[in-house]
There are 2 protein chains.
Amino acid sequence: MHTFPKSIERLIGQLTQLPGVGPKTASRLVFYLLRDDRVVLSEFAESIANLKADLVTCETCHNIADENPCRICADVARDATILCLVEEPLDVLALERSGYRGQYHVLGGRISPMDGIGPGQLTIDDLILRLKAHSEIGEVVIATNPNVEGEATASYIVRILRDLPVKLTRIARGLPMGGDLEYADELTLHRAMEGRSALSQEAA
Amino acid sequence: MHTFPKSIERLIGQLTQLPGVGPKTASRLVFYLLRDDRVVLSEFAESIANLKADLVTCETCHNIADENPCRICADVARDATILCLVEEPLDVLALERSGYRGQYHVLGGRISPMDGIGPGQLTIDDLILRLKAHSEIGEVVIATNPNVEGEATASYIVRILRDLPVKLTRIARGLPMGGDLEYADELTLHRAMEGRSALSQEAA
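Residues numbered from 1 in each chain as written. Chains lettered and ligands numbered in written order. Predicted model: local features only at pLDDT ≥ 70, side-chain atom pairs only at ≥ 80, totals over all residues. Heavy atoms only, no water.

Engineer: Where do I start with the interface of chain A and chain B in this structure?
Structural biologist: Often, the extent of an interface is quoted as the loss of accessible area on bringing the components together. Chain A puts 54 residues into the contact, and the matching count from chain B is 54 residues. Both sides together, the interface formed by chain A and chain B hides about 5400 Å², and carbon and sulfur atoms give 70% of it. Across the pair R10 of chain B and E46 of chain A runs a salt bridge whose closest N-O atoms are separated by 4.0 Å. In this assembly, chain A and chain B are joined by 17 residue pairs in polar contact (both at pLDDT 80 or more). For the side of chain A that touches chain B, the secondary-structure elements that each account for two or more residues are α1 (6–15), α2 (23–35), α3 (41–49), β2 (64–65), α4 (71–74) and α5 (89–98) of chain A. For the side of chain A that touches chain B, the leading source of residues is α2 of chain A, giving nine residues. (Contact = heavy atoms within 4.5 Å. Buried area = accessible area lost by both parts, 1.4 Å probe. Salt bridge = Lys/Arg side-chain N within 4 Å of Asp/Glu carboxyl O. Polar contact = N/O pair within 3.5 Å; in protein donor to acceptor, adjacent residues only side chain to side chain. Helix = DSSP H or I, 4+ residues; strand = E, 2+ residues; numbered from the N terminus.)

Written out as structure tokens, the structure is:
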């Protein structure tokens, strides 16, 4: 059977290693790159080659950043009394979009025995040092993902941090806004019932 | 609001220009590239930078290829009496997968007044020269896409080629294999009825 020219096959092979990109998507992307002039191939290639070169890890929050400390940690206008614990840098962006303006700490993943990731590979030790050094942090919001591994990671961290003089909270799990009770899964509904709040309290 | 470091933002911007890639997909791809070692960034970048360098257009069939003439046109074992007319190089691969083993001619698109593409931008003139020079080609199967522009392109080509001593055929349009009559759209069903074949004929 006829196959594509070698340079096309090679790029298709590399693209299919990306998440969510199958052989058909990869072929379409490559032929798009071949045809379209909006993406300049040399500039695109340069961005990929230099992707890691200009990046550092912020030593305070472990987020990926241009500089150390990162712009969030260096921003004195932000609330220094609350710290949100997340799994990945992308979670920081999601919370920023939601309007949160406190501190962050990026774990660098979740505890996942299946993937061979234990607590030692996460930035938990640094978090403890940070909480001890910064007594102004009064609350840690654990915002790991609401799935099996994220919940297990949250439980583990609660056990580790519970003796520190800091309030531990968990981001709420419940019905997503715009969602429909009828289509919600049982676990979400169960959590939403468990996490119900008094209306007078919410109004306060 | 906090944004990503510059090198990340730049690559996200370039990725979102690709078809089917939105800002969320682009972010996920970039962080995957940052984290995963299976795709070596320098090699990936090199593939993109060199994508066009090693490619030529086959002067016979206008497919994208490693060499001119391409492997298909150079293959003497293939049927030289039938030529399949397609819009894009990706269509060649799809037909190769289906088991077709004749010649091809790649139009390089479809007639699309909306996109400012007229017959002059397609390889129709070269096709006429090719048919005149190669009298062994007895049949041209027009396999442009079964949509408005593909059908219009097919009609145009029939008008242009009808005086040449070559049989013109159109790839069949009907129910897709594994499809369901109940869910087929009206136009497909209409075409499927129009294109019905006698069972004795099909068995022959």
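Engineer: Would you take a moment to explain the pattern of salt bridges for this structure?
Structural biologist: Working definition: two side chains of opposite charge can pair if their charged atoms are close together. Applying the stated rule across the entire model yields 21 salt bridges over all chains. A salt bridge links E96 of chain B to R101 of chain B; the nearest nitrogen and oxygen atoms lie 3.6 Å apart. R101 of chain B sits in the partly exposed class, given a relative accessible area of 37%. Members of the salt-bridge network, linked through shared partners, are E151, R170, R173, R191 and E194 of chain A. (Buried < 20%, exposed > 50% of the residue type's maximum accessible area, 1.4 Å probe, protein only.)

Engineer: Help me understand the layout of surface pockets, please; the structure alone is not making it clear to me.
Structural biologist: The rolling of a water-molecule-sized probe over the atoms marks out the regions of remaining empty space. Estimated volume of the largest pocket: approximately 850 Å³. As for the largest pocket, its lining consists of 30 residues, and the residues nearest its centre are D91, A143, N145, P146 and I171 of chain A. Contributing elements (two or more residues each) for the lining of the largest pocket: β3 (82–86), α5, α7 (148–161) and α8 (186–194) of chain A together with α2 (23–35) of chain B. A per-element tally of the lining of the largest pocket places α5 of chain A first, with seven residues. Residue composition of the lining of the largest pocket, by class: 15 nonpolar, seven polar and eight charged. For the second largest pocket, the calculated volume is near 370 Å³. The wall of the second largest pocket is formed by 16 residues, among which I64, E88, P89 and G108 of chain A together with R35 of chain B lie closest to the centre. (1 Å grid on protein atoms, 1.4 Å probe; cavity = no way out; pocket = protein on both sides within 12 Å on 5 of 7 lines; lining within 4 Å. Points joined across faces, edges and corners; volume = space filled by probe spheres on them. Nonpolar A, V, L, I, M, F, W, Y, C, P; charged D, E, K, R; others polar.)

Engineer: What exactly am I supposed to notice about the relation of the copies chain A and chain B here?
Structural biologist: Both copies of the chain are related by a screw-like operation: a rotation about an axis and a shift along it. For the pair chain A and chain B, the relating rotation is 180 degrees, the translation along its axis is 0.0 Å, and the fit reaches an RMSD of 0.0 Å. These values place the two chain copies in the arrangement generated by a two-fold rotation axis. Of the C-alpha atoms belonging to chain A, the one lying closest to the rotation axis is found on A45 of chain A, 2.1 Å away. Taken as a fraction of all interface residues of chain A, those also at the interface in chain B reach 100%, which identifies the copy contact as same-surface. (Least-squares fit on C-alpha atoms with pLDDT ≥ 70 in both.)

Engineer: What's the story with the packing of α1 of chain A against helix α3 (residues 41–49) of chain B in this structure? I'm lost.
Structural biologist: A pair of packed helices is characterised by two quantities: the angle between their axes and the separation of those axes. Between α1 of chain A and α3 of chain B, the least distance of the axes is 9 Å, while the angle of their chain directions is 140 degrees. Here α3 of chain B runs oblique to α1 of chain A, going by the angle between their axes. At the point where α1 of chain A passes α3 of chain B, the crossing takes the left-handed sense. Across the interface between the two elements, R10, L11, Q14 and L15 of chain A from α1 of chain A touch E43, F44, E46, S47 and I48 of chain B from α3 of chain B. (Axes fitted to C-alpha atoms, helices over the stretch in contact; angles between N-to-C directions. Parallel < 35°, antiparallel > 145°, perpendicular 65-115°, else oblique. Left-handed = near helix turned anticlockwise from the far one by under 90°.)

Engineer: I tried to follow the packing of α1 of chain A against α2 of chain A on my own but got confused; where do I start?
Structural biologist: Residue and element names in this part refer to chain A. The geometry of α1 relative to α2 is characterised by a closest axis approach of 9 Å and an angle of 130 degrees between their N-to-C directions. The angle between α1 and α2 falls in the class oblique. Like other packed secondary-structure pairs, α1 and α2 cross with a definite hand, here right-handed. In this structure, α1 contributes I8, L11, I12 and L15 to the contact, and α2 contributes P23, A26, S27, L29, V30, F31, L33 and L34. Class assignment for the residues of the contact of α1 with α2 results in 11 nonpolar, one polar and no charged.

Engineer: Quick question: what am I supposed to make of the side chain of T153 of chain B here?
Structural biologist: Examined against the element boundaries, T153 of chain B turns out to sit in helix α7 (residues 148–161). Not counting the four nearest positions on each side in its chain, T153 of chain B is found in contact with L107, R110, I111, L122 and T144 of chain B.

The quantities given are spatial measurements derived from coordinates; they are silent on function.
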